[in-house]
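Architecture at a glance
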Amino acid sequence: MASIGQIIFGSMIFLIVVISGLIVFILAIAFSAFSAPTFTQRKDGSLFAQAHKWFPQPKVSWLSQSGQLLNSSTQFINNTAGIMGVASVLEDPVKEDNTYTCLIQNSLVKSISEATVTANSVTEKTYFIFNAASTKVLSLQILLTAIFILSAIQ
């Protein structure tokens, strides 16, 4: 008789399969890299955001204080490990004392950064939201692998 259990720790899933008293562990990892962007205001009045580490490749969008989608351009810079840097420019001229939101997101994590432009600087705050659905997909893949292993053993 075989029984299956799983333990989830963040992005790591341990699948425990017990077959006739023999315990088999299967480990799967959903790998993600992410970093908060830093902001600078350019001389032409645009706002520039740079985040050094993202994987998988994210989508980037900018929003006004009222939630309106703004014009931007984004470049991705790959390093040798496949982790990429993100460089994004809000093309619309920014206004002093306004707050702009930069969303950087992939299937595993969403970065929500608010940049407030003042006369002398840009202040920023960022928070992250992790997608639990990615863990569920990984869990299903592990379960199917375990079923395949169990059917091969029996």
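Presented here is a report on the structure given in the accompanying data block. A quick note: this is a predicted structure, and the numbers were derived from the prediction, not measured. (Residues numbered from 1 in each chain as written. Predicted model: local features only at pLDDT ≥ 70, side-chain atom pairs only at ≥ 80, totals over all residues. Heavy atoms only, no water.)

A look at the overall build of the protein chain
Across its full length, the protein chain holds one helix and 11 strands. Reading the helices (α) and strands (β) of the protein chain from amino to carboxyl end gives β-β-β-β-β-β-β-β-β-β-β-α. Expressed as a percentage of the 154 residues in the protein chain, the buried residues total 35%. Taking as baseline every contact in the protein chain between residues at least 6 positions apart, the subset at least 24 positions apart corresponds to 45%. Only carbon and sulfur atoms are counted for the fraction: they give 59% of the accessible area of the protein chain, which is about 9300 Å². (Helix = DSSP H or I, 4+ residues; strand = E, 2+ residues; numbered from the N terminus. Buried < 20%, exposed > 50% of the residue type's maximum accessible area, 1.4 Å probe, protein only. Contact = heavy atoms within 4.5 Å. Areas by Shrake-Rupley, 256 points an atom, 1.4 Å probe, with all protein chains shown as cover.)

Here we look at the pattern of salt bridges
Where side chains of opposite charge bring their charged atoms close, a pairing between them can arise. Inspection of the entire model under this criterion finds one salt bridge. Residues K125 and E114 are paired through a salt bridge, measuring 3.5 Å at the closest nitrogen-oxygen approach. Separated by 11 residues along the polypeptide, K125 in strand β11 (residues 122-130) and E114 in strand β10 (residues 109-117) bring together distant segments of the chain. Assessed through its relative accessible area of 25%, E114 is described here as partly exposed. (Salt bridge = Lys/Arg side-chain N within 4 Å of Asp/Glu carboxyl O.)

Examining the pairing of strand β9 (residues 99-105)
On a regular strand, one side chain projects to one face of the sheet and the next to the other, so that they alternate. Burial runs high along β9: five of the seven residues are buried. Pairing analysis gives five bridges linking strand β6 (residues 59-63) to β9, with the strands arranged antiparallel. Bridged to V60 within β9 is I104. Of the strand pairs in this sheet, β9 and β10 are connected by seven bridges, and their pairing is antiparallel. Across the sheet, residue T99 finds its bridge partner in β10, namely T116. Turn length for the β9-β10 hairpin, with the two strands adjacent in sequence and antiparallel, is three residues. (Pairing = 2+ DSSP bridges.)

Concerning the sheet that holds strand β5 (residues 47-54)
Read from one edge to the other, the open sheet built from four strands follows the order β4-β5-β8-β7, with strand pairing classed as antiparallel. Each edge of the open sheet is held by one strand with a lone partner, namely β4 (38-41) and β7 (72-78). Going from strand to strand, the sheet's axes swing by 15 degrees on average, the running direction of each strand aside. Both β4 and β5 contribute to a ladder of four bridges, which runs antiparallel. Note on β5: the bridge partner recorded for T38 is Q50. (Axes fitted to C-alpha atoms, helices over the stretch in contact; angles between N-to-C directions.)

Some words on the side chain of S46
Mapped onto the fold, S46 is located in the loop between β4 and β5. Of note is the side chain of S46, whose polar atom sits 2.6 Å from the side chain of D44. (Polar contact = N/O pair within 3.5 Å; in protein donor to acceptor, adjacent residues only side chain to side chain.)

Here we look at the side chain of S111
Residue position: S111 is located in strand β10. With sequence-adjacent residues up to four places away left out, S111 is seen in contact with P37, W54, C102, L103, I104, T126, Y127 and F128.

Details of the pairing of β5
Between β4 and β5, which follow one another and run antiparallel, lie five residues, and G45 among them has a positive phi close to 95 degrees. Here β5 runs beside strand β8 (residues 84-90); their pairing, made up of six bridges, is antiparallel. Pairing of F48 across the sheet is with V89, part of β8.

Functional significance is not addressed by these values, which are geometric in nature.
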